[in-house]
Amino acid sequence: MKKAGYILLVGLLLSTAAFAGFYYFGTSSCRAMMSDPQPGLAWLKREFKLSDAEFARITRLHEAYLPQCGKRCARIAELNRKLEQLLGQASGVTPEIREVLAERATMRADCEAEMLNHFLEVSRMMPPEQGRRYLEWVERQASLNGQAMEQRHQSASPSNQQANPMAGHPR
């Protein structure tokens, strides 16, 4: 009985050590990124194989872009709150609601234009092939291609709903 307990204990210790070793080595790249001065951008350096100089230039660009982006986002959030307030008081679309909608649409368009400009600037800081790959990645990730709304409406059309009754419905 003692021998079985000893074997069980040794097995438990070995499996714990194996787990800890696999965990440690498996997460080493993530831990290294988190120790980077800019952990939010560290993936960019690794994914697009950027030199330290390229990464430093992109980091400076990003740091210059963020405050203006934050101001635009705050303004859009403010317009969203104003619109919500107006909609709570109105029984129809008033001229004031239309004005807020138009201003919000303009702010969103300005935001998208500035974001696109930033992405293009970042891509120019990379080697040409990596810059092209970055822009392809951005196009897939961002809503800059304008397809999100169109796809939602297309998937909600009656012919598509017959084929897929959940199309157009949030999941």
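Bear in mind the structure is a predicted one, so any value in this text is a computation, not a measurement. (Residues numbered from 1 in each chain as written. Predicted model: local features only at pLDDT ≥ 70, side-chain atom pairs only at ≥ 80, totals over all residues. Heavy atoms only, no water.)

1. Observations concerning the side chain of Ser-123
Inclusion rule: What counts as a helix is a DSSP run of H or I of at least four residues, what counts as a strand is a run of E of at least two, and both are numbered from the N terminus. Contact between two residues is taken to exist if any of their heavy atoms lie within 4.5 Å; hydrogens are not considered.
Along the chain, Ser-123 falls in helix α5 (residues 95–124). Those residues in contact with Ser-123 that sit more than four places away from it in its chain are Gly-131, Tyr-134 and Leu-135.

2. Here's the deal with the nonpolar core
Operational definition: Residues enter a nonpolar core if they are buried and are Ala, Val, Leu, Ile, Met, Phe, Trp, Tyr or Cys, with the set joined through side-chain atoms within 4.5 Å. Here the term buried applies to any residue with accessible area under 20% of the maximum for its type, exposed to any over 50%, and partly exposed to those in between, with areas from a 1.4 Å probe on protein chains only.
Grouped together as the largest cluster of nonpolar side chains are 13 residues, with contacts concentrated most on Leu-44, Phe-48, Leu-50, Ile-58, Val-122, Met-126 and Tyr-134. For Val-122, the residues in contact, after removing those within four places along its chain, are Leu-44, Ile-58, Leu-61 and Tyr-134. Counting eight residues, the second-largest nonpolar core is a separate cluster that includes Ile-76, Leu-83, Leu-86 and Val-100.

3. Quick notes on the packing of α5 against helix α6 (residues 128–141)
The following threshold applies: What counts as an axis is a line fitted to C-alpha atoms, over the stretch in contact for a helix, and the angles between N-to-C directions run from 0 to 180 degrees. Roughly parallel covers angles under 35 degrees, roughly antiparallel covers those over 145, roughly perpendicular covers 65 to 115, and oblique covers all other angles. We call a crossing left-handed when the near helix sits turned anticlockwise from the far one by less than a right angle, and right-handed when that turn is clockwise. Residues are grouped as follows: Ala, Val, Leu, Ile, Met, Phe, Trp, Tyr, Cys and Pro are nonpolar; Asp, Glu, Lys and Arg are charged; all remaining types, including Gly, are polar.
Viewed as axis vectors pointing N to C, α5 and α6 meet at an angle of 155 degrees, and their least axial separation amounts to 8 Å. In this view, α5 runs roughly antiparallel relative to α6, as classed from their interaxial angle. Two packed elements cross with a definite hand, and for α5 against α6 that hand is right-handed. Here Phe-119, Leu-120, Val-122 and Ser-123 of α5 lie close against α6, whose contacting residues are Gly-131, Tyr-134, Leu-135 and Val-138. Here the contact of α5 with α6 is built from residues that sort into six nonpolar, two polar and no charged.

4. A few points about helix α4 (residues 52–89)
Along an α-helix, residues three or four positions apart point the same way, because every turn accommodates 3.6 residues. In plain terms, the rule: Expected span, for any helix, means 1.5 Å times one less than how many residues it has. Note that bend, as reported per residue, equals the angle between axes fitted to the 7 residues terminating at that residue and the 7 residues originating from it.
Here α4 contains 38 residues, and its C-alpha end-to-end distance of 55 Å stays within 8% of the 56 Å for a straight helix at 1.5 Å per residue. At Leu-66, α4 shows its strongest bend, of approximately 30 degrees, with the proline Pro-67 following within four residues. When α4 is considered as a whole, its buried residues turn out to be Glu-54, Phe-55, Ile-58, Thr-59, Leu-61, Tyr-65, Cys-69, Arg-72, Ile-76, Leu-79, Leu-83 and Leu-86.

5. A short note on the pattern of salt bridges
Rules: A carboxyl oxygen of Asp or Glu within 4 Å of a side-chain nitrogen of Lys or Arg is what we treat as a salt bridge.
Per the stated rule, a full pass over the model turns up five salt bridges. The residue Arg-75 makes a salt bridge to Glu-78 at a minimum N-O spacing of 2.5 Å. Here the residue Arg-75 and the residue Glu-78 both occupy positions in helix α4, the gap between them amounting to three residues, near one helical turn. For Glu-78, a relative accessible area of 40% translates into the label partly exposed. Arg-75 is the partner of Glu-103 in a salt bridge, and the nearest nitrogen-oxygen pair spans 2.1 Å. A residue pair is termed long-range when its members are at least 10 positions apart, and Glu-103 in helix α5 and Arg-75 in helix α4 qualify at 28 residues.

6. Re the packing of aromatic side chains
The condition is simple: Stacked, edge-to-face and tilted labels apply to pairs of Phe, Tyr and Trp rings (six-membered ring for Trp) whose centres lie within 6.5 Å, assigned for plane angles under 30 degrees, over 60, and everything in between, in that order.
Under the defined criterion, the tally for this structure stands at five aromatic pairs. Taken together, a centroid distance of 5.0 Å and an interplanar angle of 45 degrees make the contact between Trp-43 and Trp-137 tilted. Placement of the pair is Trp-43 in helix α3 (residues 39–47) and Trp-137 in helix α6, with a sequence separation of 94 residues. Geometrically, the ring pair formed by Phe-119 and Tyr-134 is edge-to-face, given 6.3 Å between the ring centres and 75 degrees between the ring planes. Residue Phe-119 is located in helix α5, and its partner Tyr-134 is located in helix α6; the two are separated by 15 residues in the primary sequence. Since its relative accessible area comes to 5%, Tyr-134 is described here as buried. In this structure an aromatic cluster arises from ring pairing among Trp-43, Phe-48, Phe-119, Tyr-134 and Trp-137.

7. Description of the layout of surface pockets
Selection criterion: Buried and open spaces are told apart on a 1 Å grid over the protein atoms alone, a cavity being a set of points where a 1.4 Å probe fits but cannot get out and a pocket being an open set with protein on both sides within 12 Å along at least five of seven lines. Residues with an atom within 4 Å of a point are the lining residues. Grid points are joined across faces, edges and corners, and a volume is the space filled by probe spheres set on the points.
Taken as a whole, the largest pocket encloses approximately 180 Å³ of empty space. Looking at the lining of the largest pocket, the element that brings in the most residues is α5, giving four residues. Its residues assigned to classes, the lining of the largest pocket comprises ten nonpolar, two polar and no charged.

8. Here we look at the confidence of the model for the protein chain
Under the convention used in this document: Summary of the metric used: pLDDT quantifies the predictor's per-residue confidence within the range 0 to 100.
Confidence in the prediction of the protein chain, expressed as mean pLDDT, is 80, and 76% of residues score 70 or more. Across the protein chain, the secondary-structure element scoring lowest on mean pLDDT is helix α8 (residues 158–163), at 46, and the one scoring highest is α5, at 94. Contacts of residues 157–171 to residues separated by more than four positions or lying in other chains number 13 contacts, the stretch itself having pLDDT below 50.

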